[in-house]
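Chain by chain, the residues run as shown.
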Protein chains: 2
Amino acid sequence: MESALLPFPDIDTPALLLEREALQHNIDTMQARAREAGLALRPHAKAHKCLEIGRLQRDAGAVGLCCAKLGEAEVMAAGGLDDLLVTTPVAGALKIARLVDLARRARVRVVADDAANLAELDAAAQAAGVTLGVVIEIDVGQGRCGVPPGPPAAELARLVLQARGLSFEGVQGYQGGLQCVADYAARESQVGQAMEALERSLAALREAGIAVPTITGGGTGSFPIDARLRRLTEVQPGSYVTMDAAYAAVQWTGGAAMPLARPLSILASVVSRPTRDKVIIDVGWKSANSDGMPPRCKNRPDLSFEFAGDEHGALVAASGEIDLRPGDRIELLPGHCDTTVNLYDRFVVHARGQVQAIWPIAARGKSH
Amino acid sequence: MESALLPFPDIDTPALLLEREALQHNIDTMQARAREAGLALRPHAKAHKCLEIGRLQRDAGAVGLCCAKLGEAEVMAAGGLDDLLVTTPVAGALKIARLVDLARRARVRVVADDAANLAELDAAAQAAGVTLGVVIEIDVGQGRCGVPPGPPAAELARLVLQARGLSFEGVQGYQGGLQCVADYAARESQVGQAMEALERSLAALREAGIAVPTITGGGTGSFPIDARLRRLTEVQPGSYVTMDAAYAAVQWTGGAAMPLARPLSILASVVSRPTRDKVIIDVGWKSANSDGMPPRCKNRPDLSFEFAGDEHGALVAASGEIDLRPGDRIELLPGHCDTTVNLYDRFVVHARGQVQAIWPIAARGKSH
């Protein structure tokens, strides 16, 4: 009965596994490539939400971290990772009060795309006696947050420069929608369009005589193109550290092989074998992302996964006869790392088949 | 600026709200209707994962709780809710050891559908000097766990009766796939088919001379039909307590209005207003279920919600001009309660516009 519990006989399932050497490989590879391209690397902590990983990224040479939410930034700062860019606008009195409070104990910058929001940030910063760094967000094609390309970024930058509680730190242009476009040529074309949109804002800023200290953006999928174009000064990849099935399908460049490993997996157990060709496992919508691509079986292309509810998944063998029975374990490659990580309280970190450490996912659920 | 923070000016977003009176209405209504039908009510804790709600259900008259996972059952038992049915087979040495340990301090029963699994459960129970209650699961149409209808349930029940560490407690026949079928006639027909499948197993058990103490199954959607058919002796609804947009669309019976209120909502904030007709809010895939139906705006049918990434959602106004700006708040009705609740650490419980309590979602993420 023991052998059925391999690998990791002391770890119950579902568990989120992270292979230590593959993780380090990804951290070091991205850092080296950013350095070669002359880009500052500010990895996105939204992908891992984990202090231990943030510290490895910092120790490798990252200039700081990005956070999508203030709640994540508070956790990172409390853990000593205190050079932070909040990549979503922070709006409303409660959040602005928290942001100003955080600015007392960390170097925190925030994106903004709205004049009224800037006035509120300025008033709160002045009242607290701090200076808030502001990065103007430009919508470079995602249709989400951000001002349109062109003059509006310069207009907001001027407001920031006039505000006594704010400092103008630069612009952000991020296009999330293109990051997982698998075909390199299609992705390259979309990155080019996003950078052209960004350039229209940079031209307006130059025309207004406003210096732009930082031009930040980019993700794991756009990285090889961002590194070649060098329009950005700082890049924000997040998923590169854990990777997932969606990114594994991405053609890194026109020719070169994907240089990133896949440290993240879900350890699952079989709970039932209702038919000869199928087993039910203990991973459903509560233990793997249900947005985007579903998980895949690691090293078992003969098995196909389907969700079977909140707590259940089904694996079907192409052969018609499945070689698994209740209690057996299997590893899945998550389809989307960010939303999978956000379901778990800890990473089980392993190396050479042995558990090395348990790392809390300290900012899990800190979406506020 | 204060008025923009209503309702609940001290609660930051995203937050999971629960209206206290509507919650109690649902608990009392389901309990009264189960009592009228002569059915024992064993609500499913997988929907709420919260000790405070489980205690309200017990105090109203529930015979105990269902848990989908052993991790949930451990949390409920530690909180004094110690009459539990684990509705998914428990397989593998680690989990069986935990189950036997839990059986020392709680009345815990478990479903099973596999002879080898029964032998393992029996050996572990005997070694620990406990008796484990076993409920044989029958696949009544979902194609997930469970033995096929007919003789197999009697064969497994016989194994349970022969096992010195196990007691035979009955059968489970649950069809999750039909619970949210909106059309009553279609749902009624599917419940009828499931109950016919269950009856084939019950006939085999009668023929074998095996008494069946409990016949458990059903959910919120099947409840009105289960109450009329009375084939089950115990029902397991879960979602009725919080409700969601998918269940709100369900036609309760052929004629009667839905007797359940909708206590659950997500409080969201606007973070950006990129165009006249659209705002971006702080709820994405990490703060609302991404399986099944997406969230809807509460009391605002003129606004449509679309996911815009892990941390973002978009609201578009049908009028072409949206009346919201950064910092404003809005309530969403989640599409699927179970998977939304599993993203949050706490319920913000409110009554008459005031926050009454914060209830931890103690079994959040306890999918192991």
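A few points on the structure. Owing to the predicted nature of the structure, the values given are computational and were not obtained by experimental measurement.

Criteria and thresholds
Residues numbered from 1 in each chain as written. Chains lettered and ligands numbered in written order. Predicted model: local features only at pLDDT ≥ 70, side-chain atom pairs only at ≥ 80, totals over all residues. Heavy atoms only, no water. Pairing = 2+ DSSP bridges. Helix = DSSP H or I, 4+ residues; strand = E, 2+ residues; numbered from the N terminus. Contact = heavy atoms within 4.5 Å. Axes fitted to C-alpha atoms, helices over the stretch in contact; angles between N-to-C directions. Buried < 20%, exposed > 50% of the residue type's maximum accessible area, 1.4 Å probe, protein only. Buried area = accessible area lost by both parts, 1.4 Å probe. Salt bridge = Lys/Arg side-chain N within 4 Å of Asp/Glu carboxyl O. Nonpolar A, V, L, I, M, F, W, Y, C, P; charged D, E, K, R; others polar.

A short note on the sheet that holds strand 5 (residues 107-112) of chain B
Residue and element names in this part refer to chain B.
Here comes step 1: Here 8 strands make up an open sheet; going across it, the order is 2-9-8-7-6-5-4-3 and the pairing parallel. Whereas interior strands pair on both sides, the edge strands pair on one side only; in this sheet they are strand 2 (40-41) and strand 3 (65-67).
Here comes step 2: On the sheet, helix 4 (residues 93-103) packs against strand 5 and strand 6 (132-138) and is oriented at approximately 145° with respect to strand 5.
Here comes step 3: On top of the sheet, helix 6 (residues 151-162) reaches strand 6 and strand 7 (166-173); it is set at about 170° to strand 6, its chief contact.

Examining unusual backbone geometry
Residues and elements named next belong to chain A.
Here comes step 1: The residue after T13, namely P14, is reached through a cis peptide bond having omega -5°.
Here comes step 2: Positionally, P14 belongs in the segment before strand 1 (15-19).
Here comes step 3: Of note in this structure, R230 is not a glycine but carries a positive phi near 50°.
Here comes step 4: Along the polypeptide, R230 turns up in the loop between helix 8 (223-229) and strand 9 (234-235).
Here comes step 5: Notably, R352 is not glycine yet its phi reads approximately 45°, a positive angle.
Here comes step 6: With respect to the helices, strands and loops of the structure, R352 is situated in the loop between strand 16 (346-351) and strand 17 (354-360).
Here comes step 7: The class of R352 is exposed, set by a relative accessible area of 64%.

Overview of the interface of chain B and chain A
Interface size is commonly expressed as the accessible surface area that is lost when the partners come together.
Here comes step 1: Listed per partner, the contact involves 61 residues of chain B and 61 residues of chain A.
Here comes step 2: Here chain B meets chain A over a buried area of about 5000 Å², counting both sides, of which 52% is carbon and sulfur.
Here comes step 3: Summed over the shared surface of chain B and chain A, the number is 14 salt bridges.
Here comes step 4: For B:K46, the salt bridge identified is with A:D310, shortest N-O distance 2.7 Å.
Here comes step 5: Mapped onto the side of chain B that touches chain A, the elements with two or more residues apiece are helix 4, helix 5 (115-128), strand 10 (264-275), strand 11 (278-281) and helix 10 (337-341) of chain B.
Here comes step 6: When grouped by side-chain class, the residues that make up the side of chain B that touches chain A number 21 nonpolar, 17 polar and 23 charged.

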